[in-house]
Amino acid sequence: MRNRILTFVLLLVACGNLCAQQKKSSDLLPAEQEIMLKYGADRLGKRHDAAMERFRSHRLGAFIHWGLYAIPGGEWNGKVYNGAAEWLKSWANVPSEEWMKLMNQWNPQRFDATKWARMAKEMGVKYVKITTKHHEGFCLWPSKYTKYTVANTPYKKDILGELVKAYNKEGIDVHFYFSVMDWSHPDYRYDIKSEDDEIAFRRFLEFTDNQLKELASLYPTVKDFWFDGTWDESIKKNGWWTAHVEQMLKEMLPGVTINSRLRADDYGKRHFDSNGHLMGDYESGYERRLPNPVKDLKVTKWDWEACMTIPENQWGYHKDWSLSYVKNSVEVLERIVHAVSMGGNMVVNFGPQPDGDFRHEEKELAEAVGRWMKKNGECVYGCDYAGLEKQDWGYYTRNGNDIYMVVFNLPFSKWLTVKTPKELKPVEAVTLDGQKVEVVETTNNEYNVKVPEKIIGDPFVIKLKVEIVNGSVDKYKAALT
Ligand code: H76
């Protein structure tokens with residue numbers, strides 16, 4: 001008997017190895033140590049189809065967090081909560097029935113989808129991620145699977161539909177944010193502890209499937225689903241369902257992209273499966289933070305998208321922005337460029353007011369970012385990690401043989417150090433308005449690039465044209481050291 005068990009175990013291990021070897025690992029676990037997964041990554045490495053290239057080349061997007069939470073704006077029964085405004089229901093322990101009474105006040109008279117789309121266009125964002133439904137459960141579209149939707153408010157109109165139309169008209173892609181966790185649904189469970197939980201949660205997953213199918217068929221121009229609220233045990237125990245959702249949406253909407261946050265594997269491992277492979281099309285773990293430009297270069301191996309708030313941590317509209325530090329436009333631009341320099345996208349969040357307009361701080365910031373992008377966008381759109389050693393003056397981005405030096409810290413010396421690998425030789429440096437910039441080789445593959453004379457205080461960009469040299473000259477130089 002013992003022998004038989006042992007043989008069985010050995011067989012299992014052998015089979016596991018064989019199967020794992022077919023699925024070659026790009027990093028982390030050596031192939032022979034990989035385990036078999038039914039619901040792990042279904043692809044190794046980046047996607048390279050046209051839809052993914054489009055997603056990647058956009059680089060800059062906006063987030064819109066808009067829901068009932070905009071109405072109280074962080075205040076409940078006279079008390080102002082400094083936590084994220086879209087979580088107020090939770091901070092103030094408001095029962096769902098009571099929270100949903102806010103629907104009677106949903107009447108954004110100043111809402112104008114065309115204006116929103118123009119604002120996004122002016123800012124230079126290439127896509128907008130909209131909260132179709134946040135954790136509270138209120139839907140910005142007239143879903144037939146719940147009563148908690150825009151259709152049952154005084155405003156009545158399909159906000160999401162209007163936005164999709166208006167953004168698309170401006171040539172801006174629309175991405176759907178969707179929270180799986182739904183505080184309004186009686187069948188939602190944080191964990192599965194009994195058969196009853198299991199049955200209820202099955203119903204909940206069916207409801208969620210229905211809503212997702214509804215979104216995909218009502219708004220077929222949607223380019224991406226960004227899932228959130230997927231961290232609970234209940235979902236981790238149902239990894240199969242996350243794999244199913246990804247497949248279902250991809251069948252309905254060819255080319256659609258999906259974030260890693262949706263996914264959990266057979267063992268409840270999220271974002272990256274138990275073998276260390278990214279699930280979904282791009283990593284969505286960088287929320288209000290960014291990778292370290294020196295230490296975390298591994299992120300350049302996969303696609304990723306970061307998102308950020310303008311105050312410290314407010315996504316939905318909060319009436320009092322004085323409660324935390326509010327980033328200025330240069331800080332926002334620096335984060336955008338930082339992301340691109342490491343091969344990622346950046347999404348800047350807006351939380352519209354309950355009346356449908358944007359607060360003046362957000363309008364001003366969008367304008368300032370847009371002004372800079374109009375002049376310098378070349379160093380963001382279509383750009384990627386440059387593969388050069390990070391320097392203190394700022395960030396490199398790259399598009400083919402054009403390397404962009406995006407300067408956020410001006411050195412007193414007025415020289416910008418550049419170090420290139422042997423096979424790369426700078427041949428010319430110009431400002432984005434075409435002025436020639438002096439480049440001096442100081443030592444082997446190290447250069448000094450002169451800061452242009454008329455710098456007016458904004459972060460600026462120098463385009464460094466490089467050529468790939470055939471080793472001989474460099475080998476000679478290397479021999480001298
Ligand atoms: C936690 C959390 C949520 N994820 C961010 C993108 C916001 O939606 C926030 O409420």
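Definitions and cut-offs
Residues numbered from 1 in each chain as written. Predicted model: local features only at pLDDT ≥ 70, side-chain atom pairs only at ≥ 80, totals over all residues. Heavy atoms only, no water. Phe/Tyr/Trp six-rings, centres within 6.5 Å; stacked < 30°, edge-to-face > 60°. Helix = DSSP H or I, 4+ residues; strand = E, 2+ residues; numbered from the N terminus. Buried < 20%, exposed > 50% of the residue type's maximum accessible area, 1.4 Å probe, protein only. Near = heavy atom within 4 Å. Polar contact = N/O pair within 3.5 Å; in protein donor to acceptor, adjacent residues only side chain to side chain. Areas by Shrake-Rupley, 256 points an atom, 1.4 Å probe, with all protein chains shown as cover. 1 Å grid on protein atoms, 1.4 Å probe; cavity = no way out; pocket = protein on both sides within 12 Å on 5 of 7 lines; lining within 4 Å. Sits in = over half its atoms within 2 Å of the grid points. Nonpolar A, V, L, I, M, F, W, Y, C, P; charged D, E, K, R; others polar. Domains from an automatic or database assignment. Contact = heavy atoms within 4.5 Å. Buried area = accessible area lost by both parts, 1.4 Å probe. Salt bridge = Lys/Arg side-chain N within 4 Å of Asp/Glu carboxyl O. Pairing = 2+ DSSP bridges. Axes fitted to C-alpha atoms, helices over the stretch in contact; angles between N-to-C directions. Points joined across faces, edges and corners; volume = space filled by probe spheres on them. Parallel < 35°, antiparallel > 145°, perpendicular 65-115°, else oblique. Left-handed = near helix turned anticlockwise from the far one by under 90°.

Observations concerning the packing of aromatic side chains
Reasoning step 1: Taken as a whole, this structure holds 30 aromatic pairs when the rule is applied.
Reasoning step 2: Between the aromatic rings of tryptophan 66 and tryptophan 106, the centroid separation amounts to 4.7 Å while the plane-to-plane angle is 55°, which identifies the pairing as tilted. Residue tryptophan 66 is located in the loop between β1 (60-64) and β2 (75-76), and its partner tryptophan 106 is located in the loop between α4 (96-99) and α5 (113-123); the two are separated by 40 residues in the primary sequence.
Reasoning step 3: Using a relative accessible area of 0% as the deciding quantity, one classes tryptophan 106 as buried.
Reasoning step 4: Judged by centre distance (5.9 Å) and plane angle (65°), the rings of tyrosine 188 and phenylalanine 201 are edge-to-face. One end of the pair, tyrosine 188, is in the loop between β5 (173-179) and α7 (195-218); the other, phenylalanine 201, is in helix α7, with 13 residues separating them in the sequence.
Reasoning step 5: Judged by relative accessible area, which is 1%, phenylalanine 201 ranks as buried.
Reasoning step 6: The rings of Trp66, Trp106, Phe111, Trp116, Phe138, Tyr155, Phe350 and Phe358 are connected pair by pair, giving a single aromatic cluster.

Digging into the site of the ligand
Reasoning step 1: In the vicinity of the ligand, the residues found are His65, Glu86, Trp87, His134, His135, Tyr177, Trp226, Asp228, Trp231, Glu287 and Trp315.
Reasoning step 2: Here an oxygen atom of the ligand sits 2.6 Å away from a polar atom, N or O, in the side chain of glutamate 86.
Reasoning step 3: Here histidine 134 contributes a side-chain N or O atom positioned 2.7 Å from an oxygen atom of the ligand.
Reasoning step 4: Taken by itself the ligand offers 290 Å² of open surface, and the protein chains cover 87% of this.
Reasoning step 5: According to the grid-proximity analysis, the pocket containing the ligand is the second largest pocket.
Reasoning step 6: Residues of the shell around the ligand, tallied by class, amount to five nonpolar, three polar and three charged.

Here's the deal with the domain arrangement of the protein
Reasoning step 1: Entries for the protein in the domain assignment read domain 1 (50-379) and domain 2 (394-468).
Reasoning step 2: With centres defined by C-alpha atoms, the gap from domain 1 to domain 2 works out at 37 Å.
Reasoning step 3: Each partner contributes residues to the interface: domain 1 has 13 residues there, and domain 2 has 12 residues.
Reasoning step 4: Carbon and sulfur atoms supply 65% of the area that domain 1 and domain 2 bury against each other, a total of about 1200 Å² over both sides.
Reasoning step 5: On the surface where domain 1 and domain 2 come into contact, there are one salt bridge.
Reasoning step 6: Summed over the shared surface of domain 1 and domain 2, the result is five residue pairs in polar contact (both at pLDDT 80 or more).
Reasoning step 7: The leading source of residues in the side of domain 1 that touches domain 2 is helix α10 (residues 329-341), at seven residues.

Quick notes on the sheet that holds strand β10 (residues 394-399)
Reasoning step 1: An order of β10-β11-β16-β13 is seen for the four strands of this open sheet, with the pairing classed as antiparallel. With partners counted over all chains shown, the strands left at the sheet margins are β10 and β13 (424-431), one partner each. If you compare each strand with its neighbour and ignore which way they point, the axes differ by 25° on average.
Reasoning step 2: As judged from the six bridges shared by strand β11 (residues 402-407) and strand β16 (residues 460-468), these two strands associate in the antiparallel manner. Directly across from valine 407, in β16, lies its bridge partner phenylalanine 460.

A word on the layout of surface pockets
Reasoning step 1: The computed volume of the second largest pocket comes to approximately 220 Å³.
Reasoning step 2: Taken together, 18 residues make up the lining of the second largest pocket; nearest its centre are Glu86, Trp87, Asp228, Glu287 and Trp315.
Reasoning step 3: Residue composition of the lining of the second largest pocket, grouped by class: nine nonpolar, four polar and five charged.

A short note on the packing of α10 against helix α11 (residues 360-376)
Reasoning step 1: Two elements in contact, α10 and α11, have axes separated by 9 Å at closest approach and are oriented at 55°. Overall, the two elements α10 and α11 adopt an arrangement that is oblique. At the point where α10 passes α11, the crossing takes the right-handed sense. On α11, the residues touching Ser329, Val332, Leu333, Ile336 and Val337 of α10 are Leu365, Ala368, Val369 and Trp372.

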